[in-house]
Number of protein chains: 2
Amino acid sequence: MLGSPIVDWQTKRREVARSEILSAAWDAARDNGLAAITLRDVAARVGMQAPSLYSYFDSKHAIYDAMFGQAWSEYDEIEKELEERLPASPRAALKVGSRAFFEFCVTDPARHQLMNLRLIPNFTPSPESYAPSVRVFERLRRQLSEFGVTEDADVDLMTAVIAGLIDQQLANDPGGDRWGRLLDRAMDMYADQVGLP
Amino acid sequence: MLGSPIVDWQTKRREVARSEILSAAWDAARDNGLAAITLRDVAARVGMQAPSLYSYFDSKHAIYDAMFGQAWSEYDEIEKELEERLPASPRAALKVGSRAFFEFCVTDPARHQLMNLRLIPNFTPSPESYAPSVRVFERLRRQLSEFGVTEDADVDLMTAVIAGLIDQQLANDPGGDRWGRLLDRAMDMYADQVGLP
DNA sequence: GTCTATACACCGATAGAC
DNA sequence: GTCTATCGGTGTATAGAC
């Protein structure tokens, strides 16, 4: 592959810059809220002028899109590692897995809003950015099926219970654990419902 | 009360205008999304110029605030009527009540975002607008306590289950009923958990 | 009192010089 | 690739007509 290193340098340099921009965007989202991100602020955080961002992203939505993919990819990696040391007991595995997702969402509200809610007007993730979230969901389906839970409705009920605890925690007790401490109990409630041992 | 009719005319006229503005704001929210409301658009819908809105509301946030109070007041009225013909059976009552809230939220996503999520940056409802939502929550507490459910954690679990179904329905199957048809089952699951007959 | 006209600072986005 | 200049739009605010 002669000559390809030069392309790699350029590509890598570009990727580094994109990564720095995304990092600045996350900082801005955590500081002022996801919807309150401004290109001027993000640019200033990386020492650029606002229009220069357009050399790396086609639009503000493209930044949101990359952030969406990044967040789900990050959680996908966490779950991939977690999967190898998951308890054999269905209930214990349910509790460990749901706790991981709960903590991931609750520790960064802006990230959760982007991942799980549709609060950016007219923003729909691109297929590439959507892919890692599909991987996470398919892994959940597979894990549940190994415990004998195969009905779509059963999986939907599971996601609803976890999503509800996360949303209530963030909306009504941010920084606390009023709903977080209900998580294990909620998983037992679900396990009873779908007949898990 | 001589002379008071004049005051009433003025007050009523003002209230009518405020009501029309709010109605236009709801239309705009449903058309373009809650966060995408613009004062110029709202004003145009009621045949005004944008600055004229400041004669009726102190700021855009004041409009959101009034919308928040209006939405919860409306649901408070619905529940007040519903309460008189609630089934005696705890499980049936749970299903009827949760269905009412679910439908109210799902039929108007913009309203749900305003009522239950915190997606408008720096917006916190005023005490007056917050009051009707407290009334709704206290009614739920009272109804549950009549069934013997008195623990705060039990009430929190209930709100989380319903909130989760609503959020998943709106985020992943808007316009459908993929999570809506799980509502009765979820209420049975909850009733089992808290030991309701 | 209510409206129109106008202004300000900021936003996302684009054009074009270098 | 990065900059300056600029566009149309936004929330917000005030001055002043009627």
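Note that the coordinates shown come from a computational prediction; the quantities given were computed from them, not determined experimentally. (Residues numbered from 1 in each chain as written. Chains lettered and ligands numbered in written order. Predicted model: local features only at pLDDT ≥ 70, side-chain atom pairs only at ≥ 80, totals over all residues. Heavy atoms only, no water.)

Caption draft 1: Summary view of the interface of chain A and chain B. Taken residue by residue, the interface counts 31 residues in chain A and 31 residues in chain B. Both faces considered, chain A and chain B share a buried interface measuring about 2600 Å² in area, 59% of it formed by carbon and sulfur atoms. Taken together, chain A and chain B are joined by four salt bridges. Residues B:Arg185 and A:Asp154 are paired through a salt bridge, measuring 2.5 Å at the closest nitrogen-oxygen approach. Connecting chain A to chain B are eight residue pairs in polar contact (both at pLDDT 80 or more). Those elements that place two or more of their residues in the side of chain A that touches chain B are helix 5 (109-116), helix 7 (152-172) and helix 8 (183-194) of chain A. At 13 residues, the largest contribution of residues to the side of chain A that touches chain B is made by helix 7 of chain A. When its residues are assigned to classes, the side of chain A that touches chain B shows 18 nonpolar, six polar and seven charged. (Contact = heavy atoms within 4.5 Å. Buried area = accessible area lost by both parts, 1.4 Å probe. Salt bridge = Lys/Arg side-chain N within 4 Å of Asp/Glu carboxyl O. Polar contact = N/O pair within 3.5 Å; in protein donor to acceptor, adjacent residues only side chain to side chain. Helix = DSSP H or I, 4+ residues; strand = E, 2+ residues; numbered from the N terminus. Nonpolar A, V, L, I, M, F, W, Y, C, P; charged D, E, K, R; others polar.)

Caption draft 2: View of the packing of helix 6 (residues 127-146) of chain B against helix 7 (residues 152-172) of chain B. Residue and element names in this part refer to chain B. Orientation of helix 6 relative to helix 7, taken along the N-to-C sense of each, is 120°, at an axis distance of 11 Å. Classified by chirality, the crossing of helix 7 by helix 6 is right-handed. Facing helix 6, whose interface residues are Phe137, Leu140, Arg141 and Leu144, helix 7 presents Asp152, Val155, Met158 and Thr159. Class assignment of the residues belonging to the contact of helix 6 with helix 7 gives a composition of five nonpolar, one polar and two charged. (Axes fitted to C-alpha atoms, helices over the stretch in contact; angles between N-to-C directions. Left-handed = near helix turned anticlockwise from the far one by under 90°.)

Caption draft 3: Highlighting the protein's contact with DNA strand C. Near DNA strand C lie 14 residues; those nearest to it are A:Leu39, A:Arg40, A:Tyr54, A:Lys60 and B:Ser52. Considering DNA strand C, the proportion of its atoms within 4 Å of the protein that are sugar or phosphate atoms stands at 61%. In this structure, a phosphate oxygen belonging to DNA strand C sits 2.6 Å away from a side-chain N or O atom of A:Tyr54. Contacts to DNA strand C include B:Gln49, whose backbone N or O atom sits 3.3 Å from a phosphate oxygen. The residue inventory of the surface near DNA strand C, partitioned by class, reads seven nonpolar, four polar and three charged. (Near = heavy atom within 4 Å.)

Remember that the coordinates give geometry; whether it matters functionally is a separate question.
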